[in-house]
Each structure stands twice: as C-alpha cells, then as structure tokens.
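Architecture at a glance
Listed below, chain by chain, are the residues.
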Amino acid sequence: MTWVYAALTQEAGKRGGPDALRYFYRVQGVIIGAAITGATVAGTVAYDKWRTRRAAAAAEAAPESTTGTPDPCDAPEATRS
C-alpha cells in the first residue's frame, strides 16, 4: 500500500500537486468518454444507413404484387383416391 501512495505522490509532484493530478485524470476521463460517445454515435449512424440501404434493396427485389388474389387456374389439381 505504501508503494501505491509513493507512486501517487511522485506523479502528483510531476503534475504540480494533488489538485493538478485530479484535474489531469478528470480531463483524461472526459476525453475518453467523448471518444466512446463519438464511436457509439458513428456506429449507430452507420447501422441506420446500412439498414436503410438493405431495406431498399429488398423492396426492389420483391415482386410487384404480393397481396393479389391467386388465380384459380393456377391451383394444383386435387388428387383423389
């Protein structure tokens, strides 16, 4: 435990004191948080674009009339035993 305290004291001395050390790590947390948020937003936008493009391609490939009534002449013949 004393080693950890000594390391923190040494780093605080390099940064200019305990308040400067706290500010440094707070800023680092904000930078990392902003990077994670930016990556999440970029991923969501990319997924939405991909989903829209995929839906448009599926709509193009679908037949024109999918809700029409079938023609009775197209029905398979019933087999009788």
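Cut-offs used in this document
Residues numbered from 1 in each chain as written. Predicted model: local features only at pLDDT ≥ 70, side-chain atom pairs only at ≥ 80, totals over all residues. Heavy atoms only, no water. Phe/Tyr/Trp six-rings, centres within 6.5 Å; stacked < 30°, edge-to-face > 60°. Buried < 20%, exposed > 50% of the residue type's maximum accessible area, 1.4 Å probe, protein only. Helix = DSSP H or I, 4+ residues; strand = E, 2+ residues; numbered from the N terminus. Lys NZ or Arg CZ within 6 Å of the ring centre and 35° of its normal. Salt bridge = Lys/Arg side-chain N within 4 Å of Asp/Glu carboxyl O.

1. Thoughts on the packing of aromatic side chains
Under the definition given, this model contains two aromatic pairs. Here the aromatic rings of F24 and Y25 are separated by 5.2 Å at their centres, their planes lie at 70°, and the arrangement is edge-to-face. Residue classification places Y25 among the partly exposed positions, given a relative accessible area of 43%. Ring centres 5.8 Å apart and planes at 40° place the aromatic pair Y47 and W50 in the tilted group. Pair noted here: Y47 and W50 are both in helix 2 (residues 18-61), with a separation of three residues, about one helical turn. For Y47, a relative accessible area of 45% puts it in the partly exposed group. The exposure class of W50 is partly exposed, given its relative accessible area of 41%. One residue, R15, lies across the ring of F24, its end atom 3.6 Å from the ring centre.

2. Considering the pattern of salt bridges
Side-chain pairs of opposite charge can arise where the charged atoms are in close proximity. Going through the model one piece at a time under the given rule, you end up with three salt bridges. In this structure, the salt-bridge partner of D19 is R22, at a minimum N-O distance of 2.3 Å. In this pair, D19 and R22 are both assigned in helix 2, three residues apart and thus about one turn of the helix distant. Judged by its relative accessible area of 55%, D19 is exposed. A salt bridge links D48 to R51; the nearest nitrogen and oxygen atoms lie 3.5 Å apart. Here D48 and its partner R51 are both found in helix 2, three residues apart, which amounts to about one turn of the helix. Under the relative-accessibility criterion, D48 is labelled partly exposed at 33%. On the accessibility criterion, R51 (44% relative accessible area) is partly exposed.

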